[in-house]
Amino acid sequence: MAFALLARAPLLLIRLSGQRRVACAGTMASPRCFALELPGCTLAHFVVGTDVPGALPDPRAAALLGPPGRSYSLCVPVAPGGDCAARVRAARLHQRLLHQLRCGPFQLCQLRPMLCYYPGGGADGVQHGVLLHDPGDSPETRSALLALLDSYLEAPRPCLGEFVGDPRHQLWQCLWELRDGQGWQQVGPEPVVPTPEPALHPVVPDLPSSGVFPHRAAARAVLEACTPFIPEARAVLDLVDQCPEEVQKGKFPVIVIEGLDATGKTTVTQSVSESLKGILLKSPPDCISPWRKLFDDEPTIIRRAFYSLGNYIVASEIAKESTKSPVIVDRYWHSTATYAIATEVSGGVRHLPPAHHPIYQWPRDLLRPDLVLLLTVSPEERIKRIQARGMDRTREEAELEANNIFRQKVEETYQRMEKPACLVVDASPSKEKVLQVVLSLIHDNCY
C-alpha cells in the first residue's frame, strides 16, 4: 500500500490498561485494547489479555491481523508529563516513523493508522501509531523493525507488538520489550477478544490539546515548542505577540464566509464586500501565508496551531477595520476546528463528537463574528469546479476529493458548530442569485 493512501486506510485504535512492570521498548504502558475501522467506516473494538464473558472470536479482525501474513503494531508514546514539547516530539516522531516504514525492507508491507489510548479517556493517554501488515510473513521484517527501534536513541521509543492467529480465528498479541543485558525479548502471547465500543471516540478528550485549541495560549505553546527546529515558528509568534490579547469588535458587522474549496467563497466574499462597501480579510492572513506550505507538511498538532494563531492575527485586523466599515472574512475559526475534528476522529459521521459537545464551542478569547455563512454545493459540482480551475490543494483538500466519508464528516462538523452556528447557503445557483440570498441573510441578521 502506498503511504499516500494511508489517510484513507482503516484505522486501528488501541486502549492502554494500567502500567506494566517491564517497559515496552523502554516506554510506558503496553497496549490493552484496540479498535479496527472496518469497511463502511464502522469501528470494532477488542481487548487484549482480558477475558470478556461470552465474547467470540471475530473473523473480521482475524482477516486483518492474522494469517496469511503477519501484522505488527507500533505506538508512539508521549513522554510522562505530556507537556507541549513532549506532544510535539511524539507527533514528529510518529511522522518520522511513517516515512521510514514506507521504504527499504517495508516497501511490500501495508500500513494502517493507529490510535492508542487509556481506558476512561483523558487527554494524557492518547498515542498515535501504525499497524504494519507483512503479507509474506518474512522474518526479515521483524528483524528490520527491531533494528528500526534501535535507531531511536531517546526515550520513549515506539512500542512494538505482534499479532498471531490460529485456525479457529482466535487472535493473540505478543509484545517486544528491551531488557537490560538481554536485548529484545518477546512477552506473551495474550488473547485478543471483542469488547464494547466506548460512548465517546477516544481522541475527543485530546482535541483541545492537539488541534482544536480553546484559547490563544494553548496554540502559542505548541509553536513555542517548535522554535528549536522550525525557525518560521518564531516569526509567526512574533507577529502574534504584536496583537493585543483582548480586542473588541467595532460598530460595523463582521460576516464570515465558510465552505469547502470550489463552493464560491472567493466570488461571494468579493461581491459582498463590494456591495456593502466593506473590507475583505482572509484567514490565514497574508503576513503568514508564505509559510502555509511549510506548516501543512507538519503533524496535525503543529499545523493546527499555525492556523489557530492565524485566526488571532486576523481578529486584530477585524477589530481595527470594523470601526470603519463592514468586514467580510474568507474563512475563520470554524474551518480550523472543522478540519481538525474531521481529520483526527476516525470512522464515519456517527463517530464525531455528539451535537452540543464543548468541542464545537467558539474559543473564549477570540473575537466573535456577527454572522457565519456556510456555502455548499453538491460533491459532483465541487469536483467539476476544482478540475476546471486547476486549483492548488492542501493535503486535507485533496482528501475531500478522494474520500467521500471525510467530506461528509467535514460538512457535518461545520453544521454542528455553535455560538455562532453556521447558516447554510446553497451556492449551486447563479452568482447573482447566491449573492442575493447572502445579502438578504446579512440584512436580516446584522442590520
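Residues numbered from 1 in each chain as written. Predicted model: local features only at pLDDT ≥ 70, side-chain atom pairs only at ≥ 80, totals over all residues. Heavy atoms only, no water.

(A) Region of the structure containing the pairing of strand β13 (residues 371-376). Of all the six residues making up β13, five are buried; the element is thus mostly covered by neighbouring parts of the structure. Relative to β13, strand β10 (residues 254-259) is paired through five bridges, and the arrangement is parallel. When the bridges of β13 are listed, Ile255 appears paired with Leu371. (Buried < 20%, exposed > 50% of the residue type's maximum accessible area, 1.4 Å probe, protein only. Helix = DSSP H or I, 4+ residues; strand = E, 2+ residues; numbered from the N terminus. Pairing = 2+ DSSP bridges.)

(B) Helix α9 (residues 300-321), seen in detail. For α9, spanning 22 residues, the distance from its first C-alpha to its last is 31 Å, which sits close to the expected 32 Å at 1.5 Å a residue. Most of α9 sits out of view: 19 of its 22 residues are buried. (Expected span 1.5 Å × (residues − 1).)

(C) Summary view of the side chain of Ser335. With respect to the element layout, Ser335 can be found in helix α10 (residues 333-344). By relative accessible area, which is 8% here, Ser335 ends up buried. Setting aside residues up to four positions removed in sequence, Ser335 forms contacts with Glu258 and Tyr414. (Contact = heavy atoms within 4.5 Å.)

(D) Fine view of the packing of aromatic side chains. In this structure the tally under the stated criterion is four aromatic pairs. Arranged with centres 5.3 Å apart and planes meeting at 75°, the rings of Phe306 and Tyr307 form a pair that is edge-to-face. There is no split in this pair, since Phe306 and Tyr307 are both buried. (Phe/Tyr/Trp six-rings, centres within 6.5 Å; stacked < 30°, edge-to-face > 60°.)

(E) Geometry of the pattern of salt bridges. In total, this model carries 19 salt bridges according to the counting rule given. Here Glu177 makes a salt bridge to Arg179, at a shortest N to O gap of 3.5 Å. Using a relative accessible area of 0% as the deciding quantity, one classes Glu177 as buried. On the basis of relative accessible area, Arg179 is assigned to the partly exposed category, the value being 30%. Where Arg350 meets Glu197, a salt bridge forms, and the shortest distance between an N and an O atom there is 3.4 Å. With Arg350 in the loop between α10 and β13 and Glu197 in the loop between β9 (183-194) and α4 (207-210), this residue pair connects regions lying 153 residues apart in the sequence. (Salt bridge = Lys/Arg side-chain N within 4 Å of Asp/Glu carboxyl O.)

(F) Summary view of the environment of Val345. Summarising the element assignment, Val345 is placed in the loop between α10 and β13. Val345 sits 138 residues away from Leu207 along the chain, and the two C-alpha atoms are 9.3 Å apart. Those residues within four positions of Val345 in sequence are excluded, and the remaining contacts are His201, Val203, Val204, Leu207, His351, Leu352, Pro353 and Lys409.

(G) Structural detail: the confidence of the model for the chain. Mean pLDDT over the chain: 85, with 85% of residues reaching 70 or higher. Across residues 1-11, where pLDDT falls below 50, the model places 28 contacts with residues more than four positions away in sequence or in other chains. Low pLDDT, under 50, characterises residues 14-31; the stretch is placed with 75 contacts to residues that sit more than four places away or in other chains. (pLDDT = per-residue confidence, 0-100.)

(H) Just the nonpolar core, in detail. Core analysis: the biggest nonpolar cluster contains 39 residues, and Val212, Ile318, Val329, Tyr332 and Ile341 have the highest contact counts within it. Those elements giving two or more residues to this core turn out to be β5 (110-117), β10, α9, β12 (327-330), α10, β13 and α13 (404-416). Here this core gets six residues from one element, more than from any other, and that element is α10. If sequence neighbours within four positions are ignored, Ile341 has contacts with Leu207, Val212, Leu352, Pro353, Ile359, Tyr360, Thr413 and Met417. (Core = buried A, V, L, I, M, F, W, Y, C linked by side-chain atoms within 4.5 Å.)

(I) The arrangement of α13 in detail. The end-to-end C-alpha separation of α13 is 19 Å, in line with the 18 Å expected for 13 residues at 1.5 Å each. By the burial criterion, the buried members of α13 are Phe406, Arg407, Lys409, Val410, Thr413, Tyr414 and Arg416.

(J) Spatial organisation of the environment of Cys422. As for its placement among the helices and strands, Cys422 is situated in strand β14 (residues 422-426). The spacing of Cys422 and Ile257 is 165 residues in sequence and 9.2 Å in space, taken between C-alpha atoms. In contact with Cys422, other than residues within four places in its own chain, are His334, Val372, Leu374, Tyr414 and Met417.

(K) Broad picture of the packing of α9 against α10. Remark: α9 packs on α10, axes separated minimally by 9 Å, with the N-to-C direction vectors making an angle of 165°. Comparing their axes, α10 and α9 come out roughly antiparallel. The two elements α9 and α10 cross, and the hand of that crossing is left-handed. For the pair α9 and α10, the contacting residues are Thr300, Arg304, Tyr307, Ser308 and Asn311 in the first and Trp333, Thr336, Tyr339, Ala340, Thr343 and Glu344 in the second. For the contact of α9 with α10, the class distribution of residues is four nonpolar, five polar and two charged. (Axes fitted to C-alpha atoms, helices over the stretch in contact; angles between N-to-C directions. Parallel < 35°, antiparallel > 145°, perpendicular 65-115°, else oblique. Left-handed = near helix turned anticlockwise from the far one by under 90°. Nonpolar A, V, L, I, M, F, W, Y, C, P; charged D, E, K, R; others polar.)

(L) Representation of the sheet that holds strand β11 (residues 279-282) in the model. The strand order β11-β12-β10-β13-β14 describes an open sheet built from five strands, whose pairing is parallel. Each edge of the open sheet is held by one strand with a lone partner, namely β11 and β14. Averaged over all neighbouring strand pairs, the angle between strand axes comes to 25°, with direction disregarded.

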